[in-house]
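# Residue-level structure breakdown
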Amino acid sequence: MSTDTQTLRPAPAPSPLLARPGAVAAPEPDATVAAHYGDPLREQRRAVTTAVLVDRSNRGVLRVTGPERLTWLHSLTSQHLSQLAPGRGTEALVLSPHGHIEHHLVLADDGTATWIDVEPGSAPRLLSFLESMRFMLRVEPGDATAETAVLSLLGPGAADVARAVFGPSAVPGEAGGGPAAGTAAAGSPTAAGAVTTGPYPVTRAAATTDPTATDPAATGAAVGGPAPLIRRMPYGLDLLVARADLATIADQLVGAGATPAGLSAFEALRIAARRPRLGRETDHRTIPHEVGWLPAAVHLDKGCYRGQETVARVHNLGRPPRRMVLLHLDGAVAAPGTPVTAGGRAVGFVGASEMHHELGPIALAVVKRSLPADAVLVVTDPDGAQVAATIDPEAGPEQPTRPAGRLLHPHTGG
């Protein structure tokens, strides 16, 4: 399923949160963070009822500075980035010349730099590509993984926890907390093709004035590095924090009411929401249409980037060769990367699979487009045993239906 350009290496150093009581390391490529802290199903339930803190410090982070950074990134990716406003974030893809997905980028611009977090181990490969495309432009890309880490707050209480630690204006999209949530409606992920200022609000947490403060309810976190950058995502809040402050900030968030949760909880909720992940629900042939990345990561009216012809042609014809589906499994999770079979013939592959606290064992899979929705399927569990699987009958997230009619016309500002 993988090629050299798709293999994702884990970050070299384990997270300090792996030393916490009950922590169990996740499998590759996430082995530097915890899969869970002793009770993954309880962690999931708390993620949908209260607030949890998920250590995602295995992700790579790039920092791009320079006055031409946004127009440069605009020309290299599938997203409209030339008008990404300060205090905004979005998603983008780097595609091959044939339209296959090579990188998935989650961005946040703070007005001075554009921060990009990517899959574990892939930051050096992305940086190499960006360096090769610099030419004489005024841009400075760099790998910030060693200095910057990603944490995520999930659940209905996530904003309360962030406000308790970082101050009343810390949550982006709220009054006083950066751009209001509704100010970029035309650029929301469900309106692919609209010129966007960025659908994800971003704010910089207020720095503490008392570096010796230990009260987690105090305004501002007591940290030594730069104040965290907070980005509101569809699933919760992402925090880009100084890696040296990772343990301190985690303690403060837990002290303010967040329960530690492992990546297993994050992945189970991701699977149920049908959100793809590079290297799990993708292989070297995957195009954006197959895994539902058009709404969030592709701008249908821009051109001038690698793979645009494939994006336009497949979108306008509506015939991607495969599609991503949610599978319900009979009694056991499936082994990632193993085949999905129907009548003894391979019809796709399993992406990620987890035990969900309500749905039971589930998985995302990429299967042939022509596969009937009621097909009797078989997958393989981690021990090699066969497991029956059925496709969830509900439709996945809404996909854009408007044509990519202006995609290849340079006068549109692509």
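The following refers to the structure shown.

Calculation rules
- Residues numbered from 1 in each chain as written.
- Predicted model: local features only at pLDDT ≥ 70, side-chain atom pairs only at ≥ 80, totals over all residues.
- Heavy atoms only, no water.
- Helix = DSSP H or I, 4+ residues; strand = E, 2+ residues; numbered from the N terminus.
- Buried < 20%, exposed > 50% of the residue type's maximum accessible area, 1.4 Å probe, protein only.
- Areas by Shrake-Rupley, 256 points an atom, 1.4 Å probe, with all protein chains shown as cover.
- Salt bridge = Lys/Arg side-chain N within 4 Å of Asp/Glu carboxyl O.
- Pairing = 2+ DSSP bridges.
- Axes fitted to C-alpha atoms, helices over the stretch in contact; angles between N-to-C directions.
- Polar contact = N/O pair within 3.5 Å; in protein donor to acceptor, adjacent residues only side chain to side chain.
- Contact = heavy atoms within 4.5 Å.
- Phe/Tyr/Trp six-rings, centres within 6.5 Å; stacked < 30°, edge-to-face > 60°.
- Lys NZ or Arg CZ within 6 Å of the ring centre and 35° of its normal.
- Core = buried A, V, L, I, M, F, W, Y, C linked by side-chain atoms within 4.5 Å.
- Parallel < 35°, antiparallel > 145°, perpendicular 65-115°, else oblique.
- Left-handed = near helix turned anticlockwise from the far one by under 90°.

### Some thoughts on the overall build of the chain
In terms of regular secondary structure, the chain is built from eight helices and 19 strands. A total of 414 residues make up the chain; the buried ones form 55% of that total. Taken as a whole, the chain presents about 16,500 Å² of accessible surface, with 57% of it coming from carbon and sulfur.

### Remarks on the pattern of salt bridges
Counting across every chain of the model gives 21 salt bridges. With its nearest N and O atoms 3.2 Å apart, the salt bridge here joins Glu-131 to Arg-134. We classify Glu-131 as partly exposed; its relative accessible area is 35%. Across the salt bridge formed by Arg-322 and Asp-283, the nearest N and O atoms sit 2.9 Å from each other. With Arg-322 in strand S14 (residues 322-329) and Asp-283 in the loop between helix H6 (263-272) and helix H7 (294-297), this residue pair connects regions lying 39 residues apart in the sequence. Note on Asp-283: relative accessible area 5%, which makes it buried.

### Some remarks on the sheet that holds strand S9 (residues 148-154)
The strand order across the open sheet formed by 11 strands is S8-S4-S7-S6-S5-S10-S11-S12-S9-S3-S13, and the pairing between neighbours is mixed. The open sheet has two free edges, formed respectively by strand S8 (140-143) and strand S13 (259-261), since each of these has just one partner strand. Across the sheet, the axes of successive neighbouring strands diverge by a mean angle of 30 degrees, strand direction being ignored. Note that strand S3 (residues 52-55) and S9 share four bridges and pair antiparallel. Bridge pairing in S9 places Val-54 opposite Ser-152.

### As for the pairing of S14
Most of S14 sits inside the fold, with six of its eight residues counted as buried. Direction of pairing for S14 relative to strand S17 (residues 360-368): antiparallel, over a ladder of seven bridges. Of the residues in S17, the one forming a bridge with Leu-327 is Ala-363. In the sheet, S14 pairs with strand S19 (residues 386-391) via three bridges, with the strands oriented antiparallel.

### Here's the deal with the side chain of Asp-381
Structurally, Asp-381 is set in the loop between strand S18 (377-380) and S19. Separated by 2.8 Å, the side chain of Asp-381 and the backbone nitrogen of Asp-383 make a polar contact. Sequence-distant contacts of Asp-381, defined by excluding residues within four places in its chain, comprise Ala-332, Val-333, Ala-334, Ala-335 and Val-387.

### Examining the packing of aromatic side chains
Tallied over the entire structure, the rule returns one aromatic pair. Residues Tyr-235 and Phe-266 carry aromatic rings whose centres are separated by 5.2 Å and whose planes lie at 80 degrees to one another, so their mutual orientation is edge-to-face. On the criterion of sequence distance, the pair formed by Tyr-235 in the loop between strand S11 (229-233) and strand S12 (236-242) and Phe-266 in helix H6 is long-range, its members being 31 residues apart. One cation-aromatic arrangement involves Arg-275 over Phe-266; the distance from NZ or CZ to the ring centre is 5.7 Å.

### Looking at the nonpolar core
Grouped burial of nonpolar side chains is what soluble globular proteins tend to show. Formed by 26 residues in total, the largest nonpolar core has its most connected members in Leu-151, Leu-153, Phe-166, Leu-239 and Leu-253. Of all elements in the fold, only S9, helix H4 (158-166), S12 and helix H5 (246-255) reach the threshold of two or more residues within this core. Counting residues per element, this core draws most heavily on H4, which supplies six residues. In this structure Leu-151 touches Leu-17, Leu-53, Val-54, Asp-55, Arg-56, Leu-237, Asp-238, Leu-239, Val-241, Leu-246, Ile-249 and Leu-253, once residues within four positions along its chain are discounted. Counting 22 residues, the second largest nonpolar core, distinct from the first, contains Leu-95, Val-298, Met-324 and Ala-352.

### Examining the environment of Glu-174
In this structure, Glu-174 sits in the loop between H4 and strand S10 (200-204). Along the sequence, Glu-174 and Pro-201 sit 27 residues apart, while their C-alpha atoms lie 9.2 Å from each other. Non-local contacts of Glu-174, meaning those with residues more than four positions away in its chain, are made with Ala-159, Arg-163 and Arg-232.

### Re the packing of H4 against H5
At their nearest, the axes of H4 and H5 sit 9 Å apart, and the two run at 120 degrees to each other. The orientation of H4 with respect to H5, classified from their angle, is oblique. The chirality of how H4 crosses H5 is right-handed. Note on element contacts: H5 touches H4 through Ile-249, Gln-252 and Leu-253, opposite Val-161, Val-165 and Phe-166.

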